[in-house]
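# Breakdown of the fold
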Amino acid sequence: MRNQRRVEGYAVVSEDGMLANAVGVMPDSLKFEADQHFFECGLDSVDVVVHGRHSHERQKNSHLRHRLVVTRQVATIGGDPANKKALFWNPEGASFEQAMTALGKPDGSAGVIGGTDVFGLFLDRYSVFYLSRAPNVRLPGGRPVFREVPVKTPETVLGDHGITLGRRTVLDQSKGLVLFTWKRSSPAYHEV
């Protein structure tokens, strides 16, 4: 039996489940020091960061991280001329396993940081999904964490894919910022 690779998702969203505003920019109202600290520590603990071409983390250790950049600009897998530690990956042309192997991390763990389509790719593979909720922030017409949002809540989408709420952690009491840890109760494997 194949080992289940650890895949972690990281997102901070508005009350209406948005990652960014209507023009695709993460507003300051979704940025919290406590969440950024948690996020940075989480990414420091995974082997590979997975994100779309417009997502990034801009942290002090960002340049040290191996990454897969999800894009339709390559047929399968291609090198990133701007970053020796990164590969461009088209999930329609190559599996996640192939991309991780090409990156030199065949058994590595992954931290998925968005955007919408990238988060959706891994819904049946997440070991854990860390969902921070920004209080009193609404972004009508914004970019949702999952395609099914706002018709469904992010929590409903996670539950529909076999991921259940584990722990609730207050990251910043004064700002009302809460982190919800969603975990897969039984290992599932679906090739991406």
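Computed from a predicted model, the values in this text were never measured in an experiment.

We now examine the side chain of Arg67. For Arg67, the location among the structural elements is in strand S4 (residues 66-70). The exposure class assigned to Arg67 is buried, which follows from its relative accessible area of 7%. Only 3.0 Å separates the side chain of Arg67 from the side chain of His51, close enough to count as a polar contact.

Turning to the sheet that holds strand S5 (residues 77-80), a few remarks are in order. Spatially, S5-S6-S4-S3-S7-S1-S8-S11-S10 is the arrangement adopted by the nine strands of the open sheet, whose pairing is mixed. A single partner strand is all that each edge strand has here, and the edge strands are S5 and strand S10 (163-172). Here the strands of the sheet are splayed against their neighbours by 25 degrees on average, with no regard to which way each runs. Where strand S3 (residues 48-52) lies against strand S7 (residues 110-112), three bridges are found, and the strand directions are parallel. Paired with Val48 across the two strands is Ala110, which belongs to S7.

Attention shifts here to unusual backbone geometry. The linkage connecting Gly114 with the following residue, Gly115, adopts the cis geometry, with an omega of 5 degrees. As for its placement among the helices and strands, Gly115 is situated in the loop between S7 and helix H3 (116-121). Of note, Asn136 is a non-glycine position whose phi angle comes to about 60 degrees, a positive value. Within the secondary structure, Asn136 is located in the loop between strand S8 (128-133) and strand S9 (143-144).

Time to look at helix H1 (residues 33-44). Because each turn of an α-helix spans 3.6 residues, side chains separated by three or four positions in sequence point in the same direction. Helix length check: H1 (twelve residues) gives 16 Å between terminal C-alpha atoms against 16 Å at 1.5 Å per residue, within 8%. Here H1 has its buried residues at Asp35, Phe39, Glu40, Gly42 and Leu43. Buried positions in H1, seen along its axis, are confined to an arc of 160 degrees and lie on one side of it. Exposed side of H1, more than 90 degrees from the buried face: Glu33 and His37 are the residues found there. Against strand S1 (7-13), S3, S7, S8, S10 and strand S11 (177-184) lie the buried residues of H1.

With that settled, the discussion passes to the packing of aromatic side chains. Going through the model one piece at a time under the given rule, you end up with twelve aromatic pairs. For the pair Tyr10 and Phe39, a centre-to-centre distance of 5.9 Å together with 70 degrees between the ring planes defines the contact as edge-to-face. Residue Tyr10 is found in strand S1, and its partner Phe39 is found in helix H1; the two are separated by 29 residues along the sequence. By relative accessible area, which is 13% here, Phe39 ends up buried. Members of the aromatic cluster, connected to one another through ring pairs, are Trp89, Phe96, Phe119, Phe122, Tyr126, Phe129 and Phe146.

With respect to the helices and strands, the residue Phe146 is situated in the loop between S9 and helix H4 (154-160). Phe146 sits 31 residues away from Gly115 along the chain, and the two C-alpha atoms are 8.5 Å apart.

So, how was this worked out
Residues numbered from 1 in each chain as written. Predicted model: local features only at pLDDT ≥ 70, side-chain atom pairs only at ≥ 80, totals over all residues. Heavy atoms only, no water. Helix = DSSP H or I, 4+ residues; strand = E, 2+ residues; numbered from the N terminus. Buried < 20%, exposed > 50% of the residue type's maximum accessible area, 1.4 Å probe, protein only. Polar contact = N/O pair within 3.5 Å; in protein donor to acceptor, adjacent residues only side chain to side chain. Pairing = 2+ DSSP bridges. Axes fitted to C-alpha atoms, helices over the stretch in contact; angles between N-to-C directions. Expected span 1.5 Å × (residues − 1). Arc of directions from axis to C-beta. Contact = heavy atoms within 4.5 Å. Phe/Tyr/Trp six-rings, centres within 6.5 Å; stacked < 30°, edge-to-face > 60°.

By themselves these figures say nothing about function.
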